[in-house]
Structures are given as C-alpha cells and as structure tokens.
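Here is how the chains run, residue by residue.
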Amino acid sequence: MSILVRDVMQSKPITVSPSETVFGLERGLIENRIGGFPVVEDGKLIGIACRSDIVRALGYEHTYAEQLADQNMEVAGEHGQSLSEKNWAKEVGSRVGERLEGMKVRDVMIRDVCVARPDDTVEAAAKQMATAGFHRLPIVDEGRLVGILTSLDLTRLIAEGRYRAV
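Time to look at helix H1 (residues 22-32). Turning to H1, its buried residues are Val22, Gly24, Leu25, Gly28 and Leu29. Along the axis of H1, the buried positions cluster into a sector of 155°, meaning they face one direction only. Opposite its buried face, H1 presents the exposed residues Ile30 and Glu31, each directed more than 90 degrees away. Two residues or fewer past H1, Arg33 is found with a positive phi of approximately 50°.

The structure is reproduced here in structure tokens:
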C-alpha cells in the first residue's frame, strides 16, 4: 500500500505575502530556519520564494550597479568632468540600496510552481521533487495551499522506518 502525501506533509506551512519586503523574507527564513516559503494571497498559492531567489535578485542588482557605475563614468567623461571613484560608488550604492529597500517578495518569487495534491503518492511527489531539483513541494487542493512536503519530511519518513523501497 502506498503512502499518500497527506500522511507525510506539514499541514500548516508557514507562508509569506507577496507584499512582504525581501528583507522581511530573509528575516523569516532565518528565524524559522527554513529555505523557502509558499507565497499566498487570499488563501491561494501564487508562488514560492526561496533563499536562492534572494541571491539571484542580489546578483541582478550587482549587475545593475556595475552598469550604472560604467554609465556614470562615461557621462562624466563626455562632459569633461572627473568623477572620483568614491563619489560614483556612493551614488551607485545609494541607488541600489533604494532599489533593494523597495523590493518585495513578488519581485523575486517564482510564479510557475510545481505542486502536488494531498492524494498523490509520496513516491510520485518525491520523483517530482528529484526531477525538478526542489527541496519543497507545495500541496494544493483546488488552488488552495493545504500543506507542504519537504525533502526533510521524506528523509524523516525513511529514518522512522515508515517507508521502504520495494
């Protein structure tokens, strides 16, 4: 007899709002000692936000900062002005800082989320997670988030002797 996702999933996952700041997201990840949150709006799953999404956004901001710095240096040179590195670094840092402060979960979350249903088998859900390379899989029923299955849940299932490969 197969074990169903509903028998293993966490039925009250911690979620985050799309309007939460990225700084709030990071704080929540640290406080809860987890790597990602389902993003829920009006009870519906609309995305997932993980630490890697924050890192990706910071990488984009780093690229933006480099482009902005290059542009500032070019403009200054075209006008015969000399911008000291200190001045342009301050200007670029200020602009990037403003962008980061205003960044919300909706700006970094993944919208196309792989999900499972409560009546799916654990084997099917684990296969889906392994194929996609995900550590967490939101569990939905009629579009509503009802749980989450993580790689730690699967490890615990095996460690407790509740699951044995056939």
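Let us keep going from here.
Looking now at the side chain of Asp153. Relative to the elements of secondary structure, Asp153 occurs in helix H6 (residues 151-159). A polar atom in the side chain of Asp153 sits 3.3 Å from the side chain of Arg156. Non-local contacts of Asp153, meaning those with residues more than four positions away in its chain, are made with Val8, Gln10 and Ile148.

Moving on to the pattern of salt bridges. Overall, the coordinates contain 5 salt bridges when judged by the stated rule. Among the salt bridges present, the one from Arg51 reaches Glu26, with a minimum N-O distance of 3.6 Å. Of this pair, Arg51 sits in helix H2 (residues 51-78) while Glu26 sits in helix H1; the two residues are 25 residues apart in sequence, bridging distant segments of the chain. Judged by its relative accessible area of 32%, Arg51 falls in the partly exposed class. Glu26 gets classed as partly exposed once you look at its relative accessible area, which sits at 24%. For the salt bridge of Arg162 with Glu160, the shortest nitrogen-to-oxygen distance reads 3.3 Å. What makes Glu160 partly exposed here is its relative accessible area of 47%.

Listed in full, the buried residues belonging to H6 are Asp153, Leu154 and Leu157. Summarising the axial view, the buried residues of H6 lie within an arc of 100°, below the 170-degree limit, and thus occupy one face. In H6, the exposed positions that point more than 90 degrees away from the buried face belong to Leu152, Ile158 and Ala159. The inward-facing, buried residues of H6 abut helix H5 (122-132) and strand S4 (144-150). With its phi angle positive at about 75°, Gly161 sits one or two positions after the end of H6.

Each value, and the rule that gives it
- Residues numbered from 1 in each chain as written.
- Predicted model: local features only at pLDDT ≥ 70, side-chain atom pairs only at ≥ 80, totals over all residues.
- Heavy atoms only, no water.
- Buried < 20%, exposed > 50% of the residue type's maximum accessible area, 1.4 Å probe, protein only.
- Helix = DSSP H or I, 4+ residues; strand = E, 2+ residues; numbered from the N terminus.
- Arc of directions from axis to C-beta.
- Polar contact = N/O pair within 3.5 Å; in protein donor to acceptor, adjacent residues only side chain to side chain.
- Contact = heavy atoms within 4.5 Å.
- Salt bridge = Lys/Arg side-chain N within 4 Å of Asp/Glu carboxyl O.

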